[in-house]
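# Coordinate analysis (summary)
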Amino acid sequence: IASVKQPQVSRNHHYVPEWYQHGFLPKGEGEFWVYDKSPALSVECPDGQTRKIKNPRYLRRTGPDKLFQIDDLYAIKFPSISTDFLERNLFGKIDNDGANAAKMLQQWPRTVPLPKGDQYPNEYGDPNERMTDLLLFLNAQKARTPRGLDAIRSSLTARGIDSTNNNFIMLDFNAQRDRLCTVWSEALWQIFSIASDDDAFLLSDEPVVFYNMDCFPASPVCKYPGDPNAFWRGTRVVFPLSSKKLLVLSHKEHADQPSRMKARQMRRNARLYDQTIISFTWIEHEKMLTHDEVVAINFMIKTRATKFVAAFRQEDLFPDRKATMPKWSDLDEIFKPKYPSFHAGSKVHIGY
């Protein structure tokens, strides 16, 4: 009698995909320097006593296969369904689609002057479809980290739902994994590049950073697991595509008229799960970042990381040691477009 071999259940669930991590390593390299913002300061001993650790382990070396993963993070328990069903079937597709979209934007041409149609990367299919894939990835990536899942737990608790049941957490995650795609598709899309080979963006355990010039890291709205409201006009999405490319999504009213006084106002027509129009010809890729600007962005990434940041070079883990940091609100100036945006006052005509 032949036995049927059951597929091995995956327990090591990456909350930052391995393909994304490899974008922060030089070709042929396999390990990061990793900085732990809150290492263990004490340890439970066999005799039952808790003792302080003399030298807490702030730094270590590891590769993408061991970094940013937690056992059974997305595990579910339903009859006849494998516990790693979401890891295999949901996140697998989101990650594959997101990888192709990220690769496309990393190859995006400079847009001053506007490139011709045949200059856009065409090996990834329709650019508009890849932009949609990236939006789905960004929305899911923001919610799938420990910080994002803790935010879901807080929301479930506020609604009187059992937040200790991972089934409820995963069902709520699945219900809202495209909730921000509408407002982000209508945002100003900007790609920034690093001018120097000696600079690189940090990799963090919170790759999709919400930055608002009026929401300081120590402010109540940013208290863990909180973030600036994604619908506030001044909240930007800061997402390193790789160690050398950065994507920033900004609400158009703020991009045209940045104002700290208005940064917490709701953007116009803020809504969820609605159809909208997106065009790859609106992507701007014009600015090369200076060393000081890269250091300031890395400071932002490190500050908003929950626990870990990683880099190929150890010195890149400490942007606060490289330059005098500007005020938090002044970081917004880095993302100001060189030319005024036409999007906020534009109209689109569609014919059928």
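It should be noted that the structure appears before, not after, this text.
Summarised in this report is the structure supplied together with it. (Residues numbered from 1 in each chain as written. Predicted model: local features only at pLDDT ≥ 70, side-chain atom pairs only at ≥ 80, totals over all residues. Heavy atoms only, no water.)

### A short note on the layout of surface pockets
Within this model, the largest pocket holds a volume of roughly 490 Å³. Lys142, Ala151, Gln176, Arg179 and Phe210 are, among the 22 residues lining the largest pocket, the residues nearest its centre. Residue assignment for the lining of the largest pocket shows that the elements contributing at least two residues are α3 (127–144) and α4 (146–158). Ranked by residues supplied to the lining of the largest pocket, first place goes to α4 with five residues. Broken down by class, the residue content of the lining of the largest pocket amounts to nine nonpolar, six polar and seven charged. (1 Å grid on protein atoms, 1.4 Å probe; cavity = no way out; pocket = protein on both sides within 12 Å on 5 of 7 lines; lining within 4 Å. Points joined across faces, edges and corners; volume = space filled by probe spheres on them. Helix = DSSP H or I, 4+ residues; strand = E, 2+ residues; numbered from the N terminus. Nonpolar A, V, L, I, M, F, W, Y, C, P; charged D, E, K, R; others polar.)

### Re empty space enclosed by the protein
Scanning the model with the defined rule gives two cavities of 30 Å³ or more in all. If you add up the space inside the largest cavity, you get close to 40 Å³. Lining of the largest cavity is provided by ten residues; of these, Ala187, Trp189, Ser279, Trp282 and Ile283 occupy positions nearest its centre. Partitioned by chemical class, the residues of the lining of the largest cavity number six nonpolar, three polar and one charged. Put simply, the second largest cavity is a space of about 30 Å³.

### Considerations on a nonpolar patch on the surface
Among the surface-exposed residues, Ile277, Val348, Ile350 and Tyr352 lie close enough to one another that they form a single nonpolar patch of about 500 Å² accessible area. Structurally, the position occupied by isoleucine 277 is in the loop between α7 (252–256) and β12 (284–289). Since its relative accessible area comes to 37%, isoleucine 277 is described here as partly exposed. (Patch = residues over 30% accessible without salt bridge, like charges linked within 9 Å, V, L, I, M, F, W, Y side chains within 5 Å. Areas by Shrake-Rupley, 256 points an atom, 1.4 Å probe, with all protein chains shown as cover. Salt bridge = Lys/Arg side-chain N within 4 Å of Asp/Glu carboxyl O. Buried < 20%, exposed > 50% of the residue type's maximum accessible area, 1.4 Å probe, protein only.)

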